[in-house]
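Report on the structure
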Amino acid sequence: MRLSDQDKALLDGVKGDVDRQAMEALVQLGEAFDAEDMVDIGYAHVHAGMAMYLGDVELMEELAERGARMAVPASTNIANADMENWQATRAPESLVRLQKRAETAHNTMGTGGCFTCTPYWAGHWPTWNTHMASIESGVTVFCNSVLGARSNRDGFFAVYAGMTGRYPRFGLHLDENRKPTHRVVVEAAPSGTADFTVLGYAIGSQTTNAIPLITGLERRPNLDELDALGVGMATSGGVAMFILPGVTPPYGDGDAGLGAGLPSLPIQERDLRAVYEDFCSGEHSRFDIVHLGCPHASFEEMKHYAQLLDGKMVKPGVELWITTNRTVRQMARDSGLLRPIEASGAKVISDTCPISCHFARTASPDPALGVEPPTLRAIVVDSAKQARYIRDMIHCPTLLTTTEKAVETAVSGTFVPRW
Amino acid sequence: MSDKTTFEGRGIVKGNVTGPALVSRTPFSFLGDVDIRTGDVIGELSDLRGRNIAGRVLVVPATRGSAGAWRFLYQLKQHGTHPVAVITGELPDPSVVQGAILSGVPIISGLADRIGNTVTDATLLCVDGDSGVVTVIEAQ
């Protein structure tokens with residue numbers, strides 16, 4: 001692998017032991033994937049340090065104590081507890097205290113601590129051709145497909161990339177790998193974020209690790225729908241990038257013909273219905289929580305929820321959770337949007353979500369924290385991603401519907417299905 | 001024992017360890033196939049279901065993808081239930097490689113078929129992730 005003088009200096013330890021560790025790890029990664037050299041990155045979305053996993057917060061504390069600092073703009077991924085409003089989720093205080101230690105470590109390292117799966121709604125908006133690293137697969141697919149930035153699906157090493165400002169040039173950092181592999185023909189009329197997570201999920205279920213070219217949509221999806229589309233296919237198919245001509249830089253409206261000759265994948269309404277049905281495993285009158293905001297809601301979505309909930313009351317015995325990032329929560333508070341939402345009895349929660357909080361049964365927290373996941377009858381959701389991981393991580397039934405019908409469900413106490 | 005059998009693959013993650021083999025014919029997911037606290041394989045799609053990966057040289061044809069795989073491999077390490085090395089056929093995905101580097105678990109790829117056809121469970125293997133060489137120390 002060809003290394004710059006600056007890379008070699010880091011390997012020699014001129015900036016200290018912790019930067020040497022980061023660069024050594026990145027070189028090993030690059031050699032594993034035949035990278036020719038390293039690129040400068042302009043942004044990193046990094047691991048939060050998760051209190052639900054043994055020794056994981058300590059991993060971030062150790063880096064901070066040894067002098068790790070972010071060399072490029074960086075944001076933090078989702079955490080395991082709402083660090084401001086944790087009582088609303090009944091999280092154990094011991095867990096919250098540990099989670100806050102990760103926040104302190106990130107403050108030391110200079111990471112923009114937004115603790116979210118949607119850092120773009122908090123202002124982290126990498127532009128066309130910005131090389132970056134991301135620990136969150138939903139961020140990877142949004143930044144590649146909507147913003148035209150260049151990101152692989154990373155794990156922990158997004159932290160090392162942020163510390164050094166470098167990343168090995170392989171995968172989606174190379175032009176040759178940013179071309180469509182399949183042509184999706186949408187023969188349905190999805191509308192709203194729930195439908196778009198389901199459309200993405202249906203696509204990803206049939207094309208693992210593909211780069212689908214999306215054709216046939218009746219209109220340009222809005223930003224929330226584009227976010228939902230990518231998240232759905234990242235969840236079911238490990239998709240890191242889709243190409244929607246006219247949206248995905250540098251593909252223009254005229255590029256829909258690029259897919260001629262590629263394997264064709266028609267998606268019809270029955271494919272969307274099948275995903276909704278697959279994630280309606282709970283009984284229609286037996287659920288504990290209705291959840292909106294996967295991925296974490298944008299300001300526009302908060303406006304939508306405020307309109308839907310204005311003057312309504314959540315049915316006693318039902319909890320309505322709205323998850324967003326702390327930046328959007330503050331914007332919603334300042335704009336008066338939290339008033340109608342909270343007056344309805346709904347809870348606005350940041351930094352975490354049902355699958356990321358103390359509900360997860362597949363996590364492995366320090367037993368000394370005394371974390372006991374509650375037994376839940378079912379969770380109503382408006383996102384195929386949340387539904388999939390509730391099934392796999394919380395091990396409880398789900399009921400999947402649209403955002404509007406999920407709000408109706410919370411108000412009436414009876415599940416309102418999509419169809 | 002003389003004329004030790006060796007296999008040469010591609011060293012992906014550095015490190016030198018010795019441990020008993022555990023051979024699988026099905027792709028393995030670190031997120032979902034294994035109970036972190038015990039190292040027991042619980043995934044229904046794995047032919048190792050009911051076995052334990054702790055302390056073993058895990059021989060698998062491929063790792064199944066998930067961006068969260070690194071965290072689960074690191075959690076196995078934190079709980080002391082991790083495999084001491086991983087030998088794969090296909091190149092593992094970046095998240096697994098990142099988790100293995102973080103956890104100090106050497107990986108060699110391009111070998112699972114050849115090794116899987118030769119060694120059996122509990123064969124003692126020496127894995128050199130730097131050179132990509134696997135040496136059979138003691139056949140069972």
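Computed from a predicted structure; not experimentally measured. (Residues numbered from 1 in each chain as written. Chains lettered and ligands numbered in written order. Predicted model: local features only at pLDDT ≥ 70, side-chain atom pairs only at ≥ 80, totals over all residues. Heavy atoms only, no water.)

A word on the nonpolar core. Counting residues in each nonpolar core, the largest one holds 161 residues, and the members touching the most others are F156 and M302 of chain A together with F30 of chain B. Those residues in contact with M302 of chain A, other than ones at most four positions away along the chain, are A297, I322, T324, V328, A332, L337, L338, I341 and V348 of chain A. (Core = buried A, V, L, I, M, F, W, Y, C linked by side-chain atoms within 4.5 Å. Buried < 20%, exposed > 50% of the residue type's maximum accessible area, 1.4 Å probe, protein only. Contact = heavy atoms within 4.5 Å.)

All right, on to the interface of chain A and chain B then. Each side of the interface is counted separately: chain A has 29 residues, and chain B has 24 residues. Taking both sides of the interface into account, the surface hidden between chain A and chain B amounts to around 2200 Å²; carbon and sulfur atoms contribute 60%. The three residues of chain A that bury the most area against chain B are Q28, F33 and L54 of chain A, which together make up 24% of that side's buried surface. A salt bridge links D34 of chain A to R10 of chain B; the nearest nitrogen and oxygen atoms lie 3.2 Å apart. Taken together, the connections running from chain A to chain B amount to twelve residue pairs in polar contact (both at pLDDT 80 or more). Among the elements that line the side of chain A that touches chain B, the one with the most residues is helix α2 (residues 17-32) of chain A, at five residues. Of the residues contributing to the side of chain A that touches chain B, the split by class is 17 nonpolar, seven polar and five charged. (Buried area = accessible area lost by both parts, 1.4 Å probe. Salt bridge = Lys/Arg side-chain N within 4 Å of Asp/Glu carboxyl O. Polar contact = N/O pair within 3.5 Å; in protein donor to acceptor, adjacent residues only side chain to side chain. Helix = DSSP H or I, 4+ residues; strand = E, 2+ residues; numbered from the N terminus. Nonpolar A, V, L, I, M, F, W, Y, C, P; charged D, E, K, R; others polar.)

Residue and element names in this part refer to chain A. Two elements in contact, helix α5 (residues 137-147) and helix α8 (residues 223-237), have axes separated by 8 Å at closest approach and are oriented at 125°. As summarised for this structure, α5 and α8 are arranged oblique, according to the angle between their axes. Judged by the sense of rotation from one axis to the other, the crossing of α5 with α8 is right-handed. Note on element contacts: α8 touches α5 through L223, L226, D227, G230, V231 and A234, opposite S137, G138, V141, F142 and V146. Here the contact of α5 with α8 is composed, by residue class, of seven nonpolar, three polar and one charged. (Axes fitted to C-alpha atoms, helices over the stretch in contact; angles between N-to-C directions. Parallel < 35°, antiparallel > 145°, perpendicular 65-115°, else oblique. Left-handed = near helix turned anticlockwise from the far one by under 90°.)

On to the sheet that holds strand β4 (residues 132-134) of chain A. Hydrogen bonds between backbone groups are what pair the strands of a sheet, and the pairing can be parallel or antiparallel. Residue and element names in this part refer to chain A. An order of β3-β2-β4 is seen for the three strands of this open sheet, with the pairing classed as parallel. Unpaired on one side and paired on the other, β3 (74-76) and β4 mark the two borders of the sheet. On average, each strand axis in the sheet is inclined to that of its neighbour by 10°, with strand direction left out of account. Summarising the sheet, strand β2 (residues 43-46) and β3 pair through three bridges and their orientation is parallel. Bridge pairing in β3 places V46 opposite T76. In the packing of helix α6 (residues 157-164) onto the sheet, contacts are made with β2 and β4, and the angle to β2 comes to roughly 145°. (Pairing = 2+ DSSP bridges.)

Note on placement: P92 of chain B falls in the loop between β5 (85-88) and α2 (94-103). The buried category is assigned to P92 of chain B, whose relative accessible area is 1%. Ignoring any residue separated from it by four or fewer positions in sequence, one finds P92 of chain B in contact with F33 of chain A together with T63, V97, I107 and S109 of chain B.

Another aspect to go through is the environment of F115 of chain A. One can find F115 of chain A in the loop between α4 (93-109) and β4. Taking the C-alpha atoms as reference points, F115 of chain A and E65 of chain A, separated by 50 residues in sequence, lie 20 Å from one another.

What follows covers the packing of α2 of chain A against α2 of chain B. Relative orientation of the contacting elements α2 of chain A and α2 of chain B amounts to 140°, with a least axis distance of 10 Å. If you check the angle between α2 of chain A and α2 of chain B, you find them oblique. Remark: the crossing between α2 of chain A and α2 of chain B carries right-handed chirality. Touching A25, Q28, L29 and A32 of chain A of α2 of chain A are P94, V97, Q98 and I101 of chain B, all from α2 of chain B. When grouped by side-chain class, the residues that make up the contact of α2 of chain A with α2 of chain B number six nonpolar, two polar and no charged.

The subject of this paragraph is the packing of aromatic side chains. Each pair of aromatic rings is reported with the distance of its centres and the angle of its planes. Under the criterion given, the structure shown has 15 aromatic pairs over all chains. Aromatic side chains Y120 of chain A and W121 of chain A sit 5.0 Å apart centroid to centroid with 80° between the ring planes, which places their arrangement in the edge-to-face category. The pair formed by Y120 of chain A and W121 of chain A is uniform in burial state, with each residue classed as buried. Through a chain of ring-to-ring contacts, three or more aromatic side chains come together here, namely Y120, W121, W125 and F142 of chain A. Looking at R418 of chain A, its charged tip hangs above the ring of W419 of chain A, at a distance of 4.2 Å from the centre. When the ring centre of Y53 of chain A is taken as reference, the NZ or CZ atom of R71 of chain B above it lies at 4.6 Å. (Phe/Tyr/Trp six-rings, centres within 6.5 Å; stacked < 30°, edge-to-face > 60°. Lys NZ or Arg CZ within 6 Å of the ring centre and 35° of its normal.)

A word on the domain arrangement of chain A. Residue and element names in this part refer to chain A. Once the domains are mapped, chain A shows domain 1 (5-175), domain 2 (179-272) and domain 3 (279-412). Averaged C-alpha coordinates put domain 2 and domain 3 at centres separated by 26 Å. Each side of the interface is counted separately: domain 2 has eleven residues, and domain 3 has 15 residues. The largest share of the area that domain 2 buries against domain 3 comes from Y201, D224 and T235, three residues that together contribute 44% of it. Where domain 2 packs against domain 3, one counts zero salt bridges. Of all the elements, helix α7 (residues 193-206) adds the most residues to the side of domain 2 that touches domain 3, at six residues. Classifying every residue of the side of domain 2 that touches domain 3 gives four nonpolar, four polar and three charged. (Domains from an automatic or database assignment.)

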